[in-house]
There are 2 protein chains.
Amino acid sequence: MSPTLRDVAERAGVSIRTVSNVVNGFAHVAPATRARVEQVVAELGYRPNTVARSLRQGRSRMLALVVPELDVPYFAELTRFVIEHAAARGYTVVVDQTDGDPTRERELIMNGTTANLFDGVIFSPIALGGADLRDRTVTTPVVLLGERASAVGLDHVMIDNVTAAGLATRHLIELGRTRIAAIGDQNDETRQTARLRTLGFRQAVTEAGLRVDPVLLRSTSFFHRADGAAAMAELLALADPPDAVFCYNDLLALGALRTALQHGVRVPEDIAIIGFDDIEDGRYSTPSLSTISPDKEQIARLAVELLANRLDGDTTEPVEVPADFTLQARESTLGR
Amino acid sequence: MSPTLRDVAERAGVSIRTVSNVVNGFAHVAPATRARVEQVVAELGYRPNTVARSLRQGRSRMLALVVPELDVPYFAELTRFVIEHAAARGYTVVVDQTDGDPTRERELIMNGTTANLFDGVIFSPIALGGADLRDRTVTTPVVLLGERASAVGLDHVMIDNVTAAGLATRHLIELGRTRIAAIGDQNDETRQTARLRTLGFRQAVTEAGLRVDPVLLRSTSFFHRADGAAAMAELLALADPPDAVFCYNDLLALGALRTALQHGVRVPEDIAIIGFDDIEDGRYSTPSLSTISPDKEQIARLAVELLANRLDGDTTEPVEVPADFTLQARESTLGR
DNA sequence: TCATGGGCTTGCAACGTTGCAAACTTGCTC
DNA sequence: GAGCAAGTTTGCAACGTTGCAAGCCCATGA
């Protein structure tokens, strides 16, 4: 067993409370006492028991970050920033992945299995929709990440997906492409991200006076490399294949890129490809990947700030905070 | 505040202890009592307070996984497996990243800032060596991951890096390459991984009757894509550049690949490239990346098992468990 | 000499849970 | 019908910490 306040107190010949005062740098402690206690603390290697402290204080200074998949680079990169910003505000972050499983998402967010363990939650939902989230019974503060439709009554950091998708699509149009495909639409009603990006895509194509050929709008089950690869194979098999593709994330785009090159299709000469997320992989692929780059550092910072403020007692109305994004045009659309 | 056992007990007209018995599925509880308590539990939305439970029981059923960088795909992929296996044994995993910072590594492992919070730690060290680890004061069980030299008196899951590096190098030699470079050596004595891979590389080259040209052994500060890209640029600038490169991980290899292609060097015709880790990126690059594939799922499983057994009271001598690896020959060495 | 006050130290209780062991209630056997 | 075992329920204490408020001590000034 690790030593406790009692052990230190006995050995130093003072009360438990005094040791606690020293450890917490409290109030008035005589220099001599402080020195003696500190020495014993060092001798015994005393460390405050986090669990007992949490119980007593009713807070743990731990935040949960709930993401669909940790090994999806976008979330891994985001996680780094969240951890950094949380640390700056004195919080430890625990990461949990849901695999987009509604049951698991519900378990973590809705009914508070972990309610007393974390002071707050940053949650990037996949399956749970606004309706689900509205009747949460747990009162642990939550900040939503990503693209979920609003009006949930929870703080929310997101980027404007319609505009961002339009930006990507217009970039392809401006390059003179006319037969533009999209990979990543999802039939599932709850997948807001995909729906919003499809909306932005459609708007941009239509506004440019082009037509959205239904066969060029490819649905995928997931947002993984394999899905992008498969979708691109289908597109290339068409009698009249596209001359540009907007992929709803970089993994899809990297899968699509791989398939295109394998089929001897030149990128961007024959088909231009643009992704979304600006993960590091895309900067080192050949050709390097054009993409929409959400400001991940800003997203993480805003989310942590919102949450930390709530925990500091901020009771104003929940807000919806937009995050910035930019177009990163690279070789997969511009060429070398 | 969330409801406690006391709240449920009062409302159900039973003692706190009985509610606890119901919640824990204990012993003999009359069906009628159980039903009533369960109803109140549902009504109030009672959830056991994890923190209080941990304090009382002296264990949290949480494991810490300490890795250098979460956004390095190898660790992200490994983390997924660790979380899965830990869940299967009833543990929750908390992930923490150290950025390879010795202070932070020490803080997490050595002096137990978090000692009472976690029942055990799975630790992938970068900076801390065997000597450091030997005089740990904390008694929380630890399983080491990766390539650290042994004799530390801690459980340890690793792959045989010398053999693995040799396997990669021989693959290049068998393809007829004679001027073979290596990227990823590190001057820092504590970086065992790099040293062992260099050793395996040297041995294989020498055994094949070839010479290790010192200029072809490139050191890097980190194991990131940018380091691989920079090292490859240096190699290509040589009067007599290599015809094959063994990179100590896949990120280095992907960076090197990018630089090679940018310089108009054909891979593998002009330079064959092989990496290490078998991260998903490498399967979708063009050309796809040959690599050494450690069995990550096995590594995670062994680590969790070792740790869980210790927590179940296993007091046998610490063991050193080897994990499997295979050669994955792909386009970056074989061509299309 | 005694009251005053500030610096310093302390005991008690409580956070929500569970181990322990006692106590109570049945129903059954002899 | 008494005794006993099994089934059921309970009170107490403790895990290690900190908020609260009281109490101690000594120096100062009247």
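Model, not experiment: these values are computed from the prediction.

(A) Expanded view of the relation of the copies chain B and chain A. At an RMSD of 0.1 Å, chain B and chain A line up after a rotation of 180° and a shift of 0.0 Å along the axis. One copy is carried onto the other by what is essentially a two-fold rotation axis. It is Val94(B) whose C-alpha, among those of chain B, lies nearest the rotation axis, at 2.6 Å. Counting the interface residues of chain B, we find that 100% of their copies in chain A are interface residues as well, pointing to one common contact surface.

(B) Examining the protein's contact with DNA strand D more closely. Residues in contact with DNA strand D amount to 26 residues; listed here are only the nearest, Leu5(A), Tyr46(A), Arg56(A), Thr18(B) and Thr33(B). Backbone sugar and phosphate groups make up 65% of those atoms of DNA strand D lying within 4 Å of the protein. The contact in question runs from a phosphate oxygen of DNA strand D to an N or O atom on the backbone of Leu5(A), over 2.6 Å. Thr18(B) is positioned with one of its side-chain polar atoms (N or O) 2.7 Å from a phosphate oxygen of DNA strand D. Those elements that provide at least two residues to the surface near DNA strand D are helix H2 (16-23) and helix H4 (50-57) of chain A together with helix H2 (16-23) and helix H4 (50-57) of chain B. The element best represented in the surface near DNA strand D is H4(A), accounting for four residues. Partitioning the surface near DNA strand D into residue classes produces eleven nonpolar, ten polar and five charged.

(C) Fine view of the sheet that holds strand E1 (residues 62-67) of chain B. Residue and element names in this part refer to chain B. The six strands lie next to each other as E2-E1-E3-E4-E5-E11, forming an open sheet whose pairing is parallel. Either end of the sheet is taken by a strand with one partner, and the two such strands are strand E2 (92-97) and strand E11 (320-322). Within the sheet, the average angular offset between the axes of one strand and its neighbour, ignoring direction, is 20°. Here three bridges tie strand E5 (residues 155-158) to E11, and the two strands are oriented parallel to one another. Bridge assignment links Met158 to a residue of E11, and that residue is Pro322.

(D) Up close: the domain arrangement of chain A. In terms of domain boundaries, chain A breaks down into domain 1 (5-48), domain 2 (57-159 + 296-324) and domain 3 (161-294 + 327-334). Taking only C-alpha atoms into account, the centre of domain 1 of chain A sits 38 Å from that of domain 2 of chain A.

(E) A look at helix H6 (residues 102-109) of chain A. All names here are of chain A. For H6, the full list of buried residues reads Glu105, Leu108 and Ile109. Down the axis, H6 shows its buried residues gathered within 85° of arc, on one side only. Two or three places before Thr103, at the start of H6, stands the capping residue Asp101, its side-chain oxygen 3.0 Å from that residue's backbone nitrogen.

(F) Up close: the interface of chain B and chain A. Opposite the 48 residues of chain B that make contact, chain A presents 48 residues. Between chain B and chain A, roughly 4,300 Å² of surface is buried when both sides are summed, and carbon and sulfur atoms account for 52% of that area. When the buried area of chain B at its contact with chain A is split by residue, Arg80(B), Arg258(B) and Tyr284(B) rank highest and sum to 17% of it. For the pair chain B and chain A, the number of links is twelve salt bridges. A salt bridge links Asp71(B) to Arg80(A); its shortest N-O distance comes to 2.8 Å. Residue assignment for the side of chain B that touches chain A shows that the elements contributing at least two residues are H4, helix H5 (73-88), E2, helix H10 (225-236), helix H11 (250-262) and helix H12 (280-284) of chain B. For the side of chain B that touches chain A, the leading source of residues is E2(B), giving six residues.

Cut-offs applied
- Residue numbers restart at each chain and count upward from 1, following the sequence in its written direction.
- Chains and ligands are labelled by the order in which they are written, letters from A for the one and numbers from 1 for the other.
- In keeping with the model being predicted, local features are shown solely for residues with a pLDDT of at least 70 and side-chain atom pairs are shown and tallied solely at 80 or more, while totals for entire chains, interfaces and linings include all residues.
- Excluded from the side-chain calculations are hydrogens and water; all other atoms, namely the structure's heavy atoms, are used.
- Residues reaching a pLDDT of at least 70 in both copies supply the C-alpha atoms on which the copies are superposed by least squares.
- The contact definition used throughout considers only heavy atoms, calling two residues in contact when any of these lie within 4.5 Å.
- We call a residue near a molecule or strand whenever a single non-hydrogen atom of that residue lies within 4 Å of it.
- Here a polar contact is taken to be a pair of N or O atoms separated by no more than 3.5 Å, where protein atoms must pair a possible hydrogen donor with a possible acceptor and residues adjacent in sequence count only if both atoms sit in side chains.
- Strands here mean DSSP runs of E at least two residues long; helices mean DSSP runs of H or I at least four residues long; both are numbered from the N terminus.
- For this classification, the nonpolar set comprises Ala, Val, Leu, Ile, Met, Phe, Trp, Tyr, Cys and Pro, the charged set comprises Asp, Glu, Lys and Arg, and every other residue, Gly included, is treated as polar.
- Paired strands, as defined in this entry, are two strands with at least two bridges between them according to DSSP.
- Under this scheme, a helix contributes an axis fitted over its contacting stretch, all axes are lines through C-alpha atoms, and angles between N-to-C directions fall in the 0 to 180 degree range.
- Segmentation of the chain into domains, including their bounds, is taken from an automatic or database domain assignment.
- Relative accessibility thresholds used throughout: buried, under 20% of the residue-type maximum; exposed, over 50%; partly exposed, between the two (1.4 Å probe, protein chains only).
- Think of the arc as the fan of directions from the helix axis to the C-beta atoms.
- The quantity reported as buried area is the accessible area (1.4 Å probe) lost by two parts once they are put together, taken as the sum for both.
- Think of a salt bridge as a Lys or Arg side-chain nitrogen and an Asp or Glu carboxyl oxygen that are within 4 Å of each other.

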